[in-house]
Amino acid sequence: MKSEINLVWFKRDLRFTDHEPLWVAQNSELPLLLIYIFEPSVMDHHDSDVRHWRFIYESLMEMNGRLHNSAGRLYFFHKEAEEVFKILADHFSIRTVFSHQETGNGLTFERDKKMKKFFAENGIGWNEYQSNGIIRASKSREVWGKLWERQMRAQPKMVDAANFKTFKLEDSVFKLLKGSELHTEITTRNENFQQGGEYWAWRYLDTFLKSRYQNYSKYISKPALSRKGCSRLSPYLTYGNISMRMVYQYTLQHYEQASNKRALQNFISRLHWHCHFIQKFEDECRYEFENINRAYDKLVKDKNEDFIAAWQKGQTGIPIVDGCMRCVTETGYINFRMRALVVSFFVFNLWQDWRDLHFLARQFLDYEPGIHYPQLQMQSGTTGINTIRIYNPIKNSMDHDPEGEFIKRWIPELKNVPLEFLHEPHKMDLHLQEISACTIGVDYPAPIVDAEETRKKASDLVWSYRKEKEVKTEGQRILARHVNPRKTKKKQKIVIRFACFE
Ligand SMILES: Cc1cc2nc3c(=O)[nH]c(=O)nc-3n(C[C@H](O)[C@H](O)[C@H](O)COP(=O)(O)OP(=O)(O)OC[C@H]3O[C@@H](n4cnc5c(N)ncnc54)[C@H](O)[C@@H]3O)c2cc1C
């Protein structure tokens, strides 16, 4: 006879602290199996990169380190989810699978639908719990803010990791489930990237709230200084190494003593945005594939592979764009403004479609579909409700990297270029190029497009579209779906401007 068990399926919630599914499962009398599944189809998808899986692997290893007193461990398998559950159902009578609701990409959404059917057909219960402030099947945005606040202020769901009712899988069963070894690139630490795990999530939060936050608002837009001045919590929130509730409550604990309250208020509003964006995506997952304002379907852009390749490699001839692309490729991080700037350059100056931006998803260590796609569309001007911002790369470069520290760090071929030409090195005459050891077109490319000319052209086009009736009608639909209808028109504008500017 098969023994009866419960199971916790970890997904984007790789922690033990404040984990509702685990908390409920732990209160049941049944033995508990803890699992994570590395799904080959998800790992092969166009938005996935080894950096994401390494971060997940590091998080799991850390969790396992904390289970040394338990009989079992957190098992991870490298197989499709359905295969894993079929094998498990052959060997155990699974009463309930506990997990958090996942707002992932289209692929994981389809997998969840398949698994729901499988569980129902096999008499397995599937209890899914709310993830942070995101409400499944939310009917209206009217009370969303209040519900967010209530969820964030609720008692955290604490479990005693030293006391889990886990059990050891028999070797023969484990062999069936295990799947092939993970690639060594996943299992080997890479110092260029933030390290996964609950310990690191708390460490980043703690150092931010104790000192780094002081310069938060001052540094947030600076490509170099934001690396220390911002919290850098994003990958930990993406993979759930820390719950939004713990971040919020810990921040409030520090608020009274904080000497720069304004900075913490700015930070808290971003915590809110995190869930606000994911909620948009949860409510309308078309964001991943289609212009959210359907009227923009008429705006067709010709694909230019050479432009796309130059942009990806950091070879556009615009230093701030190239520095950002090289930096994000190497480290998995650039700050908000620079993300918006490289997207703006891609969709407006290079006139390419936002749907060809999967490369960026692969580079961001914190890649979160629910934030990523709505942000891409907002920055690309395809929502029809947000202010269209076409970033001037040269002005932003001068304003936010005035000493060229970031550019020199990421574009070593420009290291001898005098500061006055660093933001536009193609303006150097031949003599200066020679003494700077940087020949334009040889050591560093000339700009692949004229930034000012292309900006103007794009601006005229997108603003003329914006005036069309169809864009406005769709805009009204989007506002009704994603914005609190009780807000006055004026207030709505403020919310949108806020969201747009940062
Ligand atoms: C084109 C584009 C794509 C983006 N893709 C992602 C993504 O895949 N994953 C991701 O986490 N963020 C994304 N962002 C939002 C933002 O850039 C990052 O969250 C932020 O830079 C992460 O750094 P931090 O943790 O130091 O943020 P902090 O400034 O310290 O903010 C704290 C937290 O608030 C949230 N947050 C901050 N800014 C925003 C924002 N504008 N919108 C929503 N949530 C926010 C994040 O969870 C962040 O960790 C994107 C922005 C743009 C313009």
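Cut-offs and rules
- Residues numbered from 1 in each chain as written.
- Predicted model: local features only at pLDDT ≥ 70, side-chain atom pairs only at ≥ 80, totals over all residues.
- Helix = DSSP H or I, 4+ residues; strand = E, 2+ residues; numbered from the N terminus.
- Rg over C-alpha atoms; globule rule 2.2 N^0.38 Å.
- Buried ≥ 20, exposed ≤ 12 C-beta atoms within 10 Å, placed from the backbone.
- Contact = placed C-beta atoms within 7 Å.
- Expected span 1.5 Å × (residues − 1).
- Arc of directions from axis to C-beta.
- Domains from an automatic or database assignment.
- Nonpolar A, V, L, I, M, F, W, Y, C, P; charged D, E, K, R; others polar.
- Pairing = 2+ DSSP bridges.
- Right-handed = clockwise from strand over helix to strand, strands pointing away.
- Axes fitted to C-alpha atoms, helices over the stretch in contact; angles between N-to-C directions.
- Near = placed C-beta within 6 Å.
- Parallel < 35°, antiparallel > 145°, perpendicular 65-115°, else oblique.
- Left-handed = near helix turned anticlockwise from the far one by under 90°.
- Core = buried A, V, L, I, M, F, W, Y, C linked by C-beta atoms within 7 Å.

Draft legend 1. Representation of the overall build of the chain. Helix and strand counts for the chain come out as 26 helices and 5 strands. Taken over the C-alpha trace, the chain has a radius of gyration of 24 Å; the compact-globule value for 502 residues is 23 Å, and the two agree within 12%. Judged by the C-alpha coordinates and their principal axes, the chain covers about 85 × 50 × 50 Å. Among the 502 residues that make up the chain, the fraction classed as buried is 43%. Counted over contacts in the chain with a minimum sequence separation of 6, partners at least 24 positions apart contribute 79%.

Draft legend 2. Focus on helix 25 (residues 469-482). Taking 1.5 Å per residue as the helical rise, helix 25 with its 14 residues ought to reach 20 Å, and the 20 Å between its terminal C-alpha atoms agrees with that figure. Of all the positions in helix 25, only Val-471, Glu-474 and His-482 are classed as buried. For helix 25, the buried positions fall inside an angular range of 70 degrees around the axis, keeping them on one side. Along helix 25, exposed side chains directed more than 90 degrees from the buried face belong to Lys-469, Gln-476 and Ala-480.

Draft legend 3. Molecular detail of the domain arrangement of the chain. In terms of domain boundaries, the chain breaks down into domain 1 (3-129), domain 2 (197-283) and domain 3 (287-501). Between the C-alpha centres of domain 2 and domain 3 there is a distance of 24 Å. Every contact between the two is made by 19 residues of domain 2 and, on the other side, 26 residues of domain 3. Looking at the side of domain 2 that touches domain 3, the elements with two or more residues in it are helix 11 (226-229), helix 12 (234-238) and helix 14 (261-283). Residue classes in the side of domain 2 that touches domain 3 are distributed as 9 nonpolar, 5 polar and 5 charged.

Draft legend 4. Seen up close, the pairing of strand 5 (residues 125-129). In this structure, strand 4 (residues 92-100) lies alongside strand 5, joined through 5 bridges in parallel fashion. Residue Val-97 lies in a different strand from strand 5, and its bridge partner there is Trp-126. Once the chain exits strand 4 it traverses helix 5 (residues 106-121) before rejoining the sheet at strand 5, and the crossover so formed is right-handed.

Draft legend 5. Geometry of the sheet that holds strand 1 (residues 3-10). The sheet built from 5 strands is open, its strands ordered 3-2-1-4-5 with parallel pairing. Two strands close off the open sheet at either side, each with one partner strand: strand 3 (74-78) and strand 5. In this sheet, neighbouring strand axes are inclined to one another by 30 degrees on average, regardless of whether the strands run parallel or antiparallel.

Draft legend 6. Layout of the pairing of strand 3. With 4 of 5 residues buried, strand 3 is to be regarded as a mostly interior element. Across 5 bridges, the pairing between strand 2 (residues 32-38) and strand 3 is parallel. Residue Ile-37 lies in a different strand from strand 3, and its bridge partner there is Phe-77.

Draft legend 7. Structural context of the site of the ligand. Every one of the 28 residues lining the ligand counts as a neighbour, but Cys-230, Ser-231, Ser-234, Arg-270 and Phe-336 are closest to it. Every element with two or more residues in the shell around the ligand is listed here: helix 12, helix 14, helix 17 (336-349) and helix 19 (369-380). No other element matches helix 14, which puts 6 residues into the shell around the ligand. Taken together, the residues of the shell around the ligand break down into 14 nonpolar, 8 polar and 6 charged. Here the shell around the ligand spans two domains, and each of domain 2 (197-283) and domain 3 (287-501) adds at least three residues to it.

Draft legend 8. Structural context of the packing of helix 16 (residues 319-331) against helix 17. As a packed pair, helix 16 and helix 17 sit with axes 10 Å apart at the nearest point and diverge in direction by 115 degrees. Between helix 16 and helix 17, the interaxial angle falls into the category roughly perpendicular. The way helix 16 lies across helix 17 gives a crossing that is left-handed. Between helix 16, through Val-321, Cys-324 and Met-325, and helix 17, the contact on the second element is made entirely by Met-338, Leu-341, Val-342 and Phe-345. When the residues that make up the contact of helix 16 with helix 17 are grouped by side-chain class, the tally is 7 nonpolar, no polar and no charged.

Draft legend 9. Layout of unusual backbone geometry. Phi at Asp-18 is positive, roughly 50 degrees, even though this residue is not glycine. With respect to the secondary-structure elements, Asp-18 resides in the loop between strand 1 and helix 1 (20-26). Phi at Ala-437 is positive, roughly 55 degrees, even though this residue is not glycine. Structurally, Ala-437 can be placed in the loop between helix 23 (430-435) and helix 24 (451-466). For Ala-437, a count of 12 C-beta atoms within 10 Å puts it in the exposed group.

Draft legend 10. View of the nonpolar core. By size, the foremost hydrophobic cluster in this structure holds 113 residues, and its most contacted members are Leu-7, Ile-35, Cys-324 and Val-342. For this core, the leading source of residues is helix 17, giving 9 residues. Ignoring anything within four residues of it in the chain, the contact list for Cys-324 reads Pro-223, Ile-334, Met-338, Leu-341 and Val-342.

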